[in-house]
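What follows is each chain in one-letter form.
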Amino acid sequence: MKYTLVLIYLVFFAFFAKTQSYSIEWSEMISQQGRLVYLLPNKENNFYALRWVGGRILGTYQVSQHEELKITKKGKIKLVADKSIANFEGAKVIGDKLVVFLSDKQVGYNHFYMQKYDDELKPIGETVKLASYAMTKKRSKGWFNIEQSSNKQFFGVVWQVKGKKGERDLYGFKVFNNQLEIVNEGEYPLPFDPKSSTINAQHISNNGDYFMAVTEYEDKKATHFFKNYHTYKALHIIHINDDGLEDYKLDLGEKRVEAMSMHSDDKNIFTITGLYGKPDEAGVKGVFHQRIDLLSMKKKDEGFKEFDKSFITQDWSERAIKRAERQQSRGKGDPQLFNYKMRDITILDDGSIIGSMEQFYVQIRSNTDTRTGTVSQSYYYYYNDIIVFKVDPEGEFAWVKKIRKYQVSTNDEGPYSSYASFIDKGKVYFIFNDHVRNYDANGNFLDPEHLFTANYTRKRNTVALAEIDLSTGETIRSSFFGRGEINALAVPKLFQMDYQTKEMLLYSIWGRKEKIGVLRIE
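Below: a short report on this structure. Just so you know, these numbers come straight off a predicted model, no measurement behind them. (Residues numbered from 1 in each chain as written. Predicted model: local features only at pLDDT ≥ 70, side-chain atom pairs only at ≥ 80, totals over all residues. Heavy atoms only, no water.)

## Some points on the packing of aromatic side chains
Phase 1 of the analysis: Enumeration over the complete set of coordinates arrives at 24 aromatic pairs.
Phase 2 of the analysis: An angle of 25° between the planes, with centres 4.4 Å apart, marks the rings of F211 and F270 as stacked. Linking F211 in strand β19 (residues 210-217) with F270 in strand β23 (residues 269-277), this pair joins segments that are 59 residues apart in sequence.
Phase 3 of the analysis: With relative accessibility at 1%, the residue F270 sits in the buried group.
Phase 4 of the analysis: Taken together through their ring pairs, the aromatic side chains of F101, F112, Y133, F144, F155, W159 and F176 make up a single cluster.
Phase 5 of the analysis: Above the ring of Y276, the side-chain terminus of K255 is found at 5.8 Å from the ring centroid.
Phase 6 of the analysis: It is R365 that lies over the ring of Y380; its NZ or CZ is 3.9 Å from the centre. (Phe/Tyr/Trp six-rings, centres within 6.5 Å; stacked < 30°, edge-to-face > 60°. Helix = DSSP H or I, 4+ residues; strand = E, 2+ residues; numbered from the N terminus. Buried < 20%, exposed > 50% of the residue type's maximum accessible area, 1.4 Å probe, protein only. Lys NZ or Arg CZ within 6 Å of the ring centre and 35° of its normal.)

Set out below in structure tokens:
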């Protein structure tokens, strides 16, 4: 009897990891089928896994379908379009079919195709050409991107072609519904000199509208060589509709947009949110939002929240704080936050905005062998604190919170770093790898003055779950599960949240083996 109880307990832990709120159902540990590129949610308890099988140069893309966390079908991706070898550009679920996107350069043109796959993961008919752009002597280099609306009813093919010798960059797009009907298209030269502008982001709305965010800089010949905070001029939101091109210049007064994200809803409200700083001054001062009425293209409301000194220096060492205070006393600027990237923005049913950003940067360290003079370089990838904020339906900032974390790895682009997030039960949740010594024996966060760096070994790794109450901003952080509990290491960058299926797909590996989990929300 005692042996049976122990066996039941072990089997239970092999398939489930629990916290106070959520259970994760895990698949069995299986041998890796290749390097996972991404997971593609399809329907409830049903998803695809796209993988690269082979080495860095030679190999194939393969796909598997999973039901109830078990592989039910496998197939190979055919990289052929119009009887020519093509390049893989991505894959998505369009309607209820797996779709693979390909590109191929032929006689002065670069063509973009799609290939549907059936329920047996076999190609359906011939590839369908979706878009093309001409390659000339003045415009010979370009690329395609794929964008999809948040309601998954529209997808867009977007391209940009670099100009030469004074020619403007060319950008174009075609937006399709799930029946492959074109609902919006256009091709235009970029309104600004490519030497003094940068395309930040592109967005397909739930109505099939196309938006592009472009940062404009002062002419670098007259000021600085690099496009940075010294030369920042304005942020433009370019909207293409039946009447042509609309250029909305984002006016934040005497503020510079540092990082941003776009979102639109079914009520023709376009939301821009992100970080701002002062002109001619590095770093971040606070977070902002602005909502625009798409019918009138006029500002509906906006808000700003400046970070106070205690928020900025929350996890700084005493030495760093004193150094910042000396610089401030010498008139060299206030303490600042640096290197934050916008990650997520979600609009709630009541119009509230939930946004998050992460501190990310890369340090390059050079070492010289004194005997040979050989110089080697190491790349350190840092994924640190998360900043989360809420804007209420009236446009006021309800709260801004910081989730402290410290993740660093070398020469690997940080595969186990960063975080995944989801919203459920009136809270926003964040999942990320951490160090077990940041928690007590019961899994409660100790909130130490100096965090232990996230660890990926069996004994020292734990996966954290931080939750923030959307109404109050109250934060709770605890240990979710560890590498030792599931016999695998979580890879949050490959997690996928799908609010239509109400499932988050989780991915973990251990050596040459892997397991996939499902976390279900209400």
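Here the narrative resumes, following the displayed structure.
## Structural notes on the sheet that holds strand β33 (residues 461-469)
Phase 1 of the analysis: Strand order in the open sheet formed by 4 strands is β31-β32-β33-β34, with antiparallel pairing between adjacent strands. Edge positions in the open sheet fall to β31 (420-424) and β34 (475-481), since each of these has one partner strand only. Shown here is a sheet whose adjacent strand axes are inclined to one another by a mean of 25°, direction ignored.
Phase 2 of the analysis: Note: β31 against strand β32 (residues 427-435), 5 bridges, orientation antiparallel. Note that in β32 the partner of D424 across the bridge is K427. (Pairing = 2+ DSSP bridges. Axes fitted to C-alpha atoms, helices over the stretch in contact; angles between N-to-C directions.)

## Overview of the pairing of β23
Phase 1 of the analysis: Counting buried positions along β23 yields 9 of 9 residues, so the element is predominantly enclosed.
Phase 2 of the analysis: Both strand β22 (residues 256-264) and β23 contribute to a ladder of 8 bridges, which runs antiparallel. Pairing of M262 across the sheet is with I272, part of β23.
Phase 3 of the analysis: Two successive antiparallel strands, β22 and β23, enclose a turn made up of 4 residues, where N268 displays a positive phi of approximately 65°.
Phase 4 of the analysis: Looking at chain direction, β23 and strand β24 (residues 286-293) are connected through 8 bridges and run antiparallel. Along β24, the bridge assignment pairs L275 with V287.

## A few points about the pattern of salt bridges
Phase 1 of the analysis: All told, the structure shown has 18 salt bridges when counted by the stated rule.
Phase 2 of the analysis: In this structure, K152 and D498 form a salt bridge, with 2.5 Å as the shortest nitrogen-oxygen distance. One end of the pair, K152, is in the loop between β14 (141-148) and β15 (154-162); the other, D498, is in strand β36 (residues 496-498), with 346 residues separating them in the sequence.
Phase 3 of the analysis: A relative accessible area of 4% places D498 in the buried class.
Phase 4 of the analysis: With its nearest N and O atoms 3.0 Å apart, the salt bridge here joins E358 to R343. With E358 in strand β27 (residues 353-368) and R343 in strand β26 (residues 340-347), the pair connects residues that are 15 residues apart, well separated along the chain.
Phase 5 of the analysis: The class for R343 is partly exposed, based on a relative accessible area of 33%.
Phase 6 of the analysis: A single network of salt bridges, built from pairs that share partners, joins E25, E503 and R520. (Salt bridge = Lys/Arg side-chain N within 4 Å of Asp/Glu carboxyl O.)

Structural measurements only, silent on function.
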